[in-house]
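Structural overview
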Amino acid sequence: MAPKQKAPVYVLGVGMTKFIKPRGKVDYTELGFEAGIKAMLDAQVNYDDMEAGIACYCYGDSTCGQRVFYQFGMTQIPIYNVNNNCSTGSTGLHLGRTMIAGGMADAVLVVGFEKMFPGSLQSFFNDRTNPTAPTLDMMKATRGVTNSPGAAQMFGNAGREYMEKYGAKAEDFAEIARVNHEHSKRNPYSQFQQEYTLDEIMKAPMIHEPLTKLQCCPTSDGGAAAVLVSQAFLDARPHLKEQAVLIAGQQLSTDGPSLYSRSSIELMGYEMNKTAARIALAEAQVSVEDVKVVELHDCFSANEMIVIDALGLSEKGKAHEAVRRGDITYGGKRVINPSGGLISKGHPLGASGIAQCAELVWHLRGWANNRLVADTTAALQHNLGLGGAVVVTVYKRADGKANTPVSSEEVGKRNGLGYNPAVEAKGFTKAQVDRTRSRNARSEWALQDTQTKVEARF
């Protein structure tokens, strides 16, 4: 079935916090507030312009979204709380786009945030069936169970199957991690910014073969946000068209029957990855060969390997050959995870998908001038959640042109902030917050001391 034609929806503003180690020092209220204010400043809008809010998080009580959004204003708009495992942020973007394309709103603020616990992911509802129990049972029946963290076992097993079927080597997975760590040096929001040699990655503590510690994403605290708008909203602000980025194609897919086919690769959502990419690219009228920059869900290096394959970024069974040729980094066929990816940037679950969006928006605008993939006309985003859901999104500039680098000085003039948020992580002033929060329905009681706490971190 051909994709249905949707009304245009644009990303007008993006913003994010620096991703940090989860040490309990920064609350989700601060993370969501900082990201949301930055996105609205970037879009040059006021919260009164927003007709709906979407809050994206996995860990937290119900209505955490309202707690975050009430800090911007209490305008009585609908606020949706979204949880779709690691694809939560992109699911929020998909929901926002669906609302605008369907004529339900002209402007939607999507805010993702996560305050996590140190160590591997945990389940908190142990008095009921885990939704991924059939997946874990299939892993146990086909590959057995070890004492390693469950996610590392599942994705590591997919890597093992790729090695067995196609001839990939442990070094190929380590090279993916080496590249992502190297990329992160140029991302001011990245949790880690240290470069490692291939040998250092190979010799790091083994978690679950072929995955060493430096091939596994960390848990993180962080926030990210995006302002989505309609064609009519953008047309009323023609001076902002140069920074608007079109969501040219997007698909949220869930698992097919192959999930339980006894393949470790299929168990990690290979079929839904492939389906979502095919539909999103078709809607955008873009060939995967035309995609020069990708933000891909590399929770583990093994997942990046199998997703390169599933998305068609390599020939089937030859993702490791693309890695060996250098086709995932600067100077190769395309750049995958210029942000450093989840492995080095970090992975605050509810924020990750929106942070991927921000990175690609900065590339298409030409603002990511210290890591730019030049002459890019289309960018692709992939965000996966086991259980399962995957969102693949294709972005283009609103003017349909290829990106060109913009100096940080020029960016600072255009956005009125005096700096380039793509290459420098800064805070904001009280005056900037004041012009962004609701003019008509703000509450200082709802804000409490959040603004002071955020300012103290810069």
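Worth saying up front: this structure is predicted, and the values here are computed from it rather than measured.

Reading the values: rules and limits
- Residues numbered from 1 in each chain as written.
- Predicted model: local features only at pLDDT ≥ 70, side-chain atom pairs only at ≥ 80, totals over all residues.
- Heavy atoms only, no water.
- Helix = DSSP H or I, 4+ residues; strand = E, 2+ residues; numbered from the N terminus.
- Buried < 20%, exposed > 50% of the residue type's maximum accessible area, 1.4 Å probe, protein only.
- Contact = heavy atoms within 4.5 Å.
- Areas by Shrake-Rupley, 256 points an atom, 1.4 Å probe, with all protein chains shown as cover.
- Lys, Arg positive; Asp, Glu negative; His and termini not counted.
- Charge placed at Lys NZ, Arg CZ, Asp CG, Glu CD.
- Axes fitted to C-alpha atoms, helices over the stretch in contact; angles between N-to-C directions.
- Parallel < 35°, antiparallel > 145°, perpendicular 65-115°, else oblique.
- Nonpolar A, V, L, I, M, F, W, Y, C, P; charged D, E, K, R; others polar.
- Pairing = 2+ DSSP bridges.
- Polar contact = N/O pair within 3.5 Å; in protein donor to acceptor, adjacent residues only side chain to side chain.
- UniProt positions renumbered as here; feature names shortened; annotations may be inferred.
- Disulfide = S-S within 2.5 Å.
- Left-handed = near helix turned anticlockwise from the far one by under 90°.

**Points about the overall build of the chain**
Check the secondary structure of the chain and you find 17 helices and 12 strands. If one aligns the C-alpha atoms of the chain with their principal axes, the spans along those axes are about 60 × 50 × 45 Å. When each of the 458 residues of the chain is scored for burial, the buried share is 60%. For the chain, contacts bridging at least 24 residues in sequence account for 79% of all contacts bridging at least 6. As displayed, the chain has an accessible area near 17500 Å², and 51% of this comes from carbon and sulfur atoms. Between the averaged position of the 49 positive side-chain charges in the chain and that of its 48 negative side-chain charges there is a distance of 1 Å.

**Comments concerning helix H10 (residues 301-310)**
Most of H10 is tucked away, with 10 of its 10 residues classed as buried. Taken together, the buried positions of H10 are Ser301, Ala302, Asn303, Glu304, Met305, Ile306, Val307, Ile308, Asp309 and Ala310. Backbone geometry just downstream of H10 places Gly312 in the positive-phi region, at approximately 80 degrees.

**Quick notes on the packing of helix H3 (residues 88-101) against helix H13 (residues 349-365)**
Between H3 and H13, whose axes approach to 5 Å, the crossing angle comes to 60 degrees. Relative to H13, the element H3 is oriented oblique. Every residue of H13 that contacts H3 at Thr88, Gly89, Ser90 and Leu93 is listed here: Leu349, Gly350, Gly353, Ile354, Gln356 and Cys357. Residues belonging to the contact of H3 with H13 are distributed by class as follows: 4 nonpolar, 6 polar and no charged.

**Here we look at the sheet that holds strand S11 (residues 379-385)**
If you walk across this open sheet you meet the 10 strands as S3-S2-S4-S7-S1-S8-S12-S11-S9-S10, and the pairing is mixed. Each edge of the sheet is formed by a strand with only one pairing partner; in this case those strands are strand S3 (79-82) and strand S10 (335-336). As judged from the 5 bridges shared by strand S2 (residues 52-56) and strand S4 (residues 107-114), these two strands associate in the parallel manner. Along S4, the bridge assignment pairs Ile54 with Val110. Running at roughly 115 degrees to strand S8 (residues 245-253), H3 makes contact with strand S1 (9-16), S2, S3, S4, strand S7 (222-230), S8, S11 and strand S12 (389-397) of the sheet.

**Section: the side chain of Asn383**
Take Asn383: it is sitting in strand S11. At 3.0 Å, the side chain of Asn383 and the side chain of Ser90 are in polar contact. Within the structure, the side chain of Asn383 is placed 3.0 Å from the side chain of His297, a separation counted as a polar contact.

**Digging into the UniProt feature "domain: Thiolase C-terminal" (unreviewed entry) in the chain**
On the UniProt side, "domain: Thiolase C-terminal" (unreviewed entry) is annotated at positions that read residues 270-387 here. With 45% helix and 10% strand, residues 270-387 has its two end C-alpha atoms placed 13 Å apart.

**Let's talk about unusual backbone geometry**
Following Glu209, the chain continues into Pro210 via a peptide bond in cis, with omega recorded as 5 degrees. Checked against the element boundaries, Pro210 lands in the loop between strand S5 (206-208) and strand S6 (211-212). For the peptide bond that leads from Gly387 to Gly388, omega is 5 degrees, which places it in the cis range. Non-glycine residue Asp375 carries a positive phi angle of around 60 degrees. Structurally, Asp375 can be placed in the loop between H13 and S11. We note that Gln448 has phi near 50 degrees; this positive angle belongs to a residue other than glycine. Here Gln448 is to be found in the loop between helix H16 (444-447) and helix H17 (450-456).

**Brief notes about the state of the cysteines**
In total, this model carries 0 disulfides according to the counting rule given. Here Cys216 stays unpaired: no disulfide links it, and the sulfur of Cys217, its closest cysteine neighbor, is 7.6 Å away.

**Comments concerning the packing of helix H5 (residues 150-166) against H10**
The contact between H5 and H10 brings their axes to 8 Å, and the two run at 55 degrees. Compared by their axis directions, H5 and H10 come out oblique. Our pair here, H5 against H10, has a crossing hand that is left-handed. For the pair H5 and H10, the contacting residues are Phe155, Ala158, Gly159 and Tyr162 in the first and Ala302, Asn303, Met305, Ile306 and Asp309 in the second.

**Comments concerning the pairing of S1**
Among the 8 residues of S1, 8 are classified as buried, and the element is accordingly described as predominantly covered. As paired elements, S1 and S7 share 7 bridges and run antiparallel to each other. Bridging across to S7, Met16 finds its partner in Ala224. Looking at chain direction, S1 and S8 are connected through 2 bridges and run antiparallel. By the bridge assignment, Tyr10 is partnered in S8 with Leu246.

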